[in-house]
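# Structural characterization, general
Take a look at the letters that make up each chain.
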Number of protein chains: 4
Amino acid sequence: MNERARAAGDIGKQRIEALSDGLYAIALTLLVLDLKVPPLGEAVGNEALVHALYALAPKALTWILSFWVMAILWMSQVRIYRLVHSLSRNMVRLELLQLACVSLMPFSTSLLGEYGSTPAAAVLYSANMLAVTLLGALRTRELLHAPRVHANLIDDQVRRALKIRAYGLPSCAAVAFVLAFFFPAWNLLAMLPMILVRTLRSA
Amino acid sequence: MNERARAAGDIGKQRIEALSDGLYAIALTLLVLDLKVPPLGEAVGNEALVHALYALAPKALTWILSFWVMAILWMSQVRIYRLVHSLSRNMVRLELLQLACVSLMPFSTSLLGEYGSTPAAAVLYSANMLAVTLLGALRTRELLHAPRVHANLIDDQVRRALKIRAYGLPSCAAVAFVLAFFFPAWNLLAMLPMILVRTLRSA
Amino acid sequence: MNERARAAGDIGKQRIEALSDGLYAIALTLLVLDLKVPPLGEAVGNEALVHALYALAPKALTWILSFWVMAILWMSQVRIYRLVHSLSRNMVRLELLQLACVSLMPFSTSLLGEYGSTPAAAVLYSANMLAVTLLGALRTRELLHAPRVHANLIDDQVRRALKIRAYGLPSCAAVAFVLAFFFPAWNLLAMLPMILVRTLRSA
Amino acid sequence: MNERARAAGDIGKQRIEALSDGLYAIALTLLVLDLKVPPLGEAVGNEALVHALYALAPKALTWILSFWVMAILWMSQVRIYRLVHSLSRNMVRLELLQLACVSLMPFSTSLLGEYGSTPAAAVLYSANMLAVTLLGALRTRELLHAPRVHANLIDDQVRRALKIRAYGLPSCAAVAFVLAFFFPAWNLLAMLPMILVRTLRSA
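Residues numbered from 1 in each chain as written. Chains lettered and ligands numbered in written order. Predicted model: local features only at pLDDT ≥ 70, side-chain atom pairs only at ≥ 80, totals over all residues. Heavy atoms only, no water.

### Quick notes on the overall build of chain A
Scanning chain A for helices and strands turns up seven helices and two strands. Taken across its 203 residues, chain A has 59% of its residues classed as buried. Long-range contacts, defined as pairs at least 24 residues apart, comprise 80% of the intrachain contacts of chain A with a sequence gap of at least 6. When the accessible surface of chain A is summed, it comes to about 8,800 Å², and 66% of that surface belongs to carbon and sulfur atoms. (Helix = DSSP H or I, 4+ residues; strand = E, 2+ residues; numbered from the N terminus. Buried < 20%, exposed > 50% of the residue type's maximum accessible area, 1.4 Å probe, protein only. Contact = heavy atoms within 4.5 Å. Areas by Shrake-Rupley, 256 points an atom, 1.4 Å probe, with all protein chains shown as cover.)

Shown next as structure tokens:
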């Protein structure tokens, strides 16, 4: 670790990475807590249990969606932090703000799983996703212009890939947010393009 | 860390390891949350409490089984990552998919502990275990053929040990899965051979 | 790592950092568990849900406050540990004591969110914040006088910044604690000066 | 990291440390979940809340005891791992077994906090503590005789300190276990000598 290369108030990235890994791990695991074993009494038949489990399907879907979005967010933090050697004070604040929004995801997911067909739940979930992805875009923007990056690791291709990811996600989330007022639940289909973009880029 | 040895989209293994360690730690701890202190009212006698605790025995058993399976999974990730210096994009996806299935284990365990004698619970638990172990086998297969391994650390003996573990676990889980439809709860005895194999190999 | 530089009973800082990062990550995430999805029955209208969500506003506020305070605490631990290479036995005890108080924050926060207008809740929350920040001040004081610091990293400006943070936070918390007996809930405004100080210092 | 110094099946200690830190962090935080905000209805008076909080006192006491014991356990793992460079297969199993018992502590603590005056709860809690400390003693014993230690870090004084800690804790726990059948709750005073020993040793 090269202490001299750091600006005065800078902080090494290791601790922020450790806090993030912990917080993502917990938030990802808490998402599942919403899948509760249905209380059916002692002498429950197999049929009744199967039905109760089918009733969990919407919650399972929102779980998968949230897990997928959060995994992408985590991945893009990993990718961008690989290019950076230390973090400015502002960057750390941005990061903590994003972690706060990430830690809110289990709540939003739970709300969506329970009341997915109401605009209120869909709006709040999309707003959470928008906040989280927007803060990610801000981070990418700041890091790409900061003197703290390992410049030799960033060529034009890497830069383009980072930008597509950084601006694509909040764009989709913004569309989902607007649509949430009119087509709750279905509005989340607006997240799908991100899969296509990723597939295209790999081609 | 040798940056040059990495392919363009590769990721160092440290972050995935940290996320995994966190997620396993939480999932392992959440397993216990299913063991709930029985609510018996204020003036409970000792006998009543002892009976209530005995009634937790099936849940305790499923806890032990899940803890044991997840510990083996974690161990095999540790062993295989020791041989690897970086992870391809596909590998990371595989890993996140497996973590999603691992984070589902507390739910399946809870279901099994509550309704272990119904086929639905036994099938879902076995399916979860099958998914988790199968993804582990895919990982081992991909890593053994990838150019990212520390080749000097893998001799024939290590390779054979990795394969036995990688394919043995999902094989047992597949048998348990099929048997779950017919002999719920008892089907999990199909996991036992893994202990024997491990004991044999140490001999 | 220079083993010789350590006193006999000293401990490297890595493990304490890892435990702290984990514990903070969990405590930060548990804060949100208090925001529970309101149970409204199956056929809930959008209006009813919006109202139920508005009713969560006080809990959301206490969540933000606690997240903010705990993020500051974590940040100041990060900043001070950057200057230190190992920890004395006493330091580790102080740290564990602080972690105990940090792990209590979700409970105090929950209490405040539920009964914020009663003195009892406001007093207990402020006491918890006082304990946590006071232990942080003790740590800063001990570290600044200990032979374990990387002396070359501490100039007068760093030292002053550390002291402002270390003594400012418990001072605010002490005022909040006293005011809690008379103006529950409003007493927490006493934490605001910390934002101003931080803004001033950046100027 | 010196790969050659390891025996064939050995594992580096970093991953086990990370899993332990995560699991301890979670278990320590879950202990607090037992302190639940009392549900008192909307228009609760301050007096009623104060009474409800006083009623939490026994749970607060068991929380402190468990936090203290688990902090000591974690500390002794930290101290002993500092002396070791890699872990044998058996050591890892021992460690995972201990982590299983540690993850059970929140349950035992919860049981003790709820039904502390019944022998069943006191016996189960003491048994948990006995298992956890006994496994710690086994670990110390195995490590002190293993070829994996950094021999130069262990002099006679360190060795004696490790042994006092390793055998003192399970001895106290064993006494507490036996007394639990006759003097539930009071039996835990048998843990007190450990504080004295530690104080004596520091003198």
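### Brief notes about the relation of the copies chain B and chain A
Mapping chain B onto chain A leaves a residual RMSD of 0.0 Å; the transformation is a rotation of 90° accompanied by 0.0 Å of translation along its axis. The relationship between the two copies is best expressed as a four-fold rotation axis. Relative to the rotation axis, the closest C-alpha in chain B is found at B:G22, a distance of 4.0 Å. (Least-squares fit on C-alpha atoms with pLDDT ≥ 70 in both.)

### Comments concerning the packing of aromatic side chains
A full pass over the atoms with the stated rule returns eight aromatic pairs over all chains. Both rings, one in B:F177 and one in B:F181, keep their centres 5.5 Å apart while their planes meet at 85°; by these two values the pair is edge-to-face. When its relative accessible area of 24% is taken as the criterion, B:F177 is described as partly exposed. Between C:W63 and C:F67, the aromatic rings sit 6.0 Å apart at their centres with planes inclined by 70°, giving edge-to-face as the arrangement. (Phe/Tyr/Trp six-rings, centres within 6.5 Å; stacked < 30°, edge-to-face > 60°.)

### Quick notes on the side chain of A:N128
Residue and element names in this part refer to chain A. You can see N128 is positioned in helix α5 (residues 119–145). Using a relative accessible area of 5% as the deciding quantity, one classes N128 as buried. Leave out the neighbours within four places in its chain, and N128 touches C101, L104, M105 and S108.

### Some details on the interface of chain D and chain B
Between chain D and chain B, the contact holds 33 residues from the first and 38 residues from the second. Taken together, the two surfaces of chain D and chain B that pack against each other cover about 2,900 Å², and 70% of this comes from carbon and sulfur. When residues of chain D are sorted by the area they lose upon contact with chain B, D:R15, D:F107 and D:Y115 head the list and together hold 26% of the total. If you look at where chain D meets chain B, you find two salt bridges. Where B:E17 meets D:R15, a salt bridge forms, and the shortest distance between an N and an O atom there is 3.5 Å. Elements with a minimum of two residues in the side of chain D that touches chain B: α1 (13–33), α4 (89–115) and α5 (119–144) of chain D. With 13 residues, the single largest contributor to the side of chain D that touches chain B is α4(D). When the residues that make up the side of chain D that touches chain B are grouped by side-chain class, the tally is 21 nonpolar, five polar and seven charged. (Buried area = accessible area lost by both parts, 1.4 Å probe. Salt bridge = Lys/Arg side-chain N within 4 Å of Asp/Glu carboxyl O. Nonpolar A, V, L, I, M, F, W, Y, C, P; charged D, E, K, R; others polar.)

### Side note on the pattern of salt bridges
Within the structure shown, the criterion is met by 16 salt bridges over all chains. When the shortest N-O distance is used, the salt bridge between D:D21 and C:R15 registers 2.9 Å. Placement of the pair is D:D21 in helix α1 and C:R15 in helix α1 (residues 13–33), with the two residues belonging to separate chains. Note on accessibility: D:D21 and C:R15 belong to one class, buried.

### Here we look at the interface of chain B and chain A
The interface of chain B with chain A comprises 34 residues on the first partner and 38 residues on the second. Summed over both partners, the interface of chain B with chain A buries about 2,900 Å², with 70% contributed by carbon and sulfur atoms. When the area that chain B buries against chain A is broken down by residue, the three leading residues are B:R15, B:F107 and B:Y115, summing to 26%. Taken together, chain B and chain A are joined by two salt bridges. Our enumeration of links across chain B and chain A arrives at three residue pairs in polar contact (both at pLDDT 80 or more). (Polar contact = N/O pair within 3.5 Å; in protein donor to acceptor, adjacent residues only side chain to side chain.)

### A short note on a nonpolar patch on the surface
Judged by side-chain polarity, C:V175, C:V178, C:L179, C:F181, C:F182, C:F183, C:W186, C:L189 and C:L192 come together as a nonpolar surface patch covering roughly 950 Å² of accessible area. Note on placement: C:L179 falls in helix α6 (residues 156–180). (Patch = residues over 30% accessible without salt bridge, like charges linked within 9 Å, V, L, I, M, F, W, Y side chains within 5 Å.)

### Section: helix α2 (residues 46–54) of chain B
Looking only at α2(B), the buried set comprises B:L49, B:A52 and B:L53. Projected down its long axis, α2(B) carries its buried residues within an arc of 100°, all on one side. Exposed residues on α2(B) whose side chains face more than 90 degrees from its buried face are B:E47, B:H51 and B:Y54. In this structure, the buried side of α2(B) is in contact with α3 (57–81) of chain B together with α4 and α5 of chain D. (Arc of directions from axis to C-beta.)

### Things to note about helix α6 (residues 156–180) of chain A
Between its terminal C-alpha atoms α6(A) stretches 36 Å, which fits the 36 Å expected from 25 residues at 1.5 Å a residue. Looking only at α6(A), the buried set comprises A:A161, A:L162, A:R165, A:A166, A:G168, A:L169, A:P170, A:C172, A:A173, A:A176 and A:A180. (Expected span 1.5 Å × (residues − 1).)

### What about the relation of the copies chain D and chain B?
Aligned on chain B, chain D shows an RMSD of 0.0 Å; the corresponding rotation is 90° and the shift along the axis is 0.0 Å. When the interface residues of chain D are mapped onto chain B, a mere 3% of them are again interface residues, pointing to distinct binding faces.

### Regarding the packing of helix α4 (residues 89–115) of chain A against helix α3 (residues 57–81) of chain C
Between α4(A) and α3(C), the shortest axis-to-axis distance is 11 Å and the interhelical angle comes to 135°. Taken together, the axis directions place α4(A) and α3(C) in an arrangement best described as oblique. Between α4(A) and α3(C) lies a crossing whose hand is right-handed. Of the residues in α3(C), those touching α4(A) at A:R89, A:V92, A:L96, A:L99, A:A100, A:S103 and A:L104 are C:W63, C:F67, C:A71, C:W74, C:M75 and C:R79. Of the residues assigned to the contact of α4(A) with α3(C), the class counts are 10 nonpolar, one polar and two charged. (Axes fitted to C-alpha atoms, helices over the stretch in contact; angles between N-to-C directions. Parallel < 35°, antiparallel > 145°, perpendicular 65-115°, else oblique. Left-handed = near helix turned anticlockwise from the far one by under 90°.)

### Section: the environment of C:G168
Residue and element names in this part refer to chain C. Note that G168 resides in helix α6. In sequence terms G168 and L40 are 128 residues apart; their C-alpha atoms lie 44 Å from each other. Excluding residues that lie within four positions of it along the chain, G168 makes contacts with K163 and M194.

### With respect to the packing of helix α1 (residues 13–33) of chain B against α4(D)
Closest axis-to-axis distance for the α1(B)/α4(D) pair is 9 Å, and the angle between their directions is 35°. By crossing handedness, the relation of α1(B) to α4(D) is classed as right-handed. Between α1(B) and α4(D), the residues in contact are B:L28, B:T29 and B:V32 and D:S103, D:L104 and D:F107, respectively. Looking at the contact of α1(B) with α4(D), its residues break down into four nonpolar, two polar and no charged.

### A few points about unusual backbone geometry
Residue and element names in this part refer to chain B. Residues other than glycine seldom take positive phi values, yet A185 does so here, at roughly 75°. Locating A185 in the fold gives a position in the loop between α6 (156–180) and α7 (193–202). A185 gets classed as partly exposed once you look at its relative accessible area, which sits at 37%.

### Description of the environment of B:L33
Residues and elements named next belong to chain B. Turning to its location among the elements, L33 is positioned in helix α1. Look at L33 and you get partly exposed, because its relative accessible area is 35%. For the pair L33 and P106, spaced 73 residues apart in the sequence, the C-alpha separation amounts to 8.7 Å.

### Details of the environment of D:S108
All names here are of chain D. By the secondary structure assignment, S108 is in helix α4. Residue classification places S108 among the buried residues on the basis of a relative accessible area of 0%. Setting aside its immediate chain neighbours within four residues, S108 contacts L124, Y125 and N128.

### Observations concerning the confidence of the model for chain A
All names here are of chain A. When the pLDDT values of chain A are averaged, the result is 81; 86% of them are 70 or greater. Low confidence marks residues 1–6, where pLDDT is under 50. Its contacts with residues over four positions away, or in another chain, come to nine contacts. With pTM at 0.87, the complex prediction returns an ipTM value of 0.83. (pLDDT = per-residue confidence, 0-100.)

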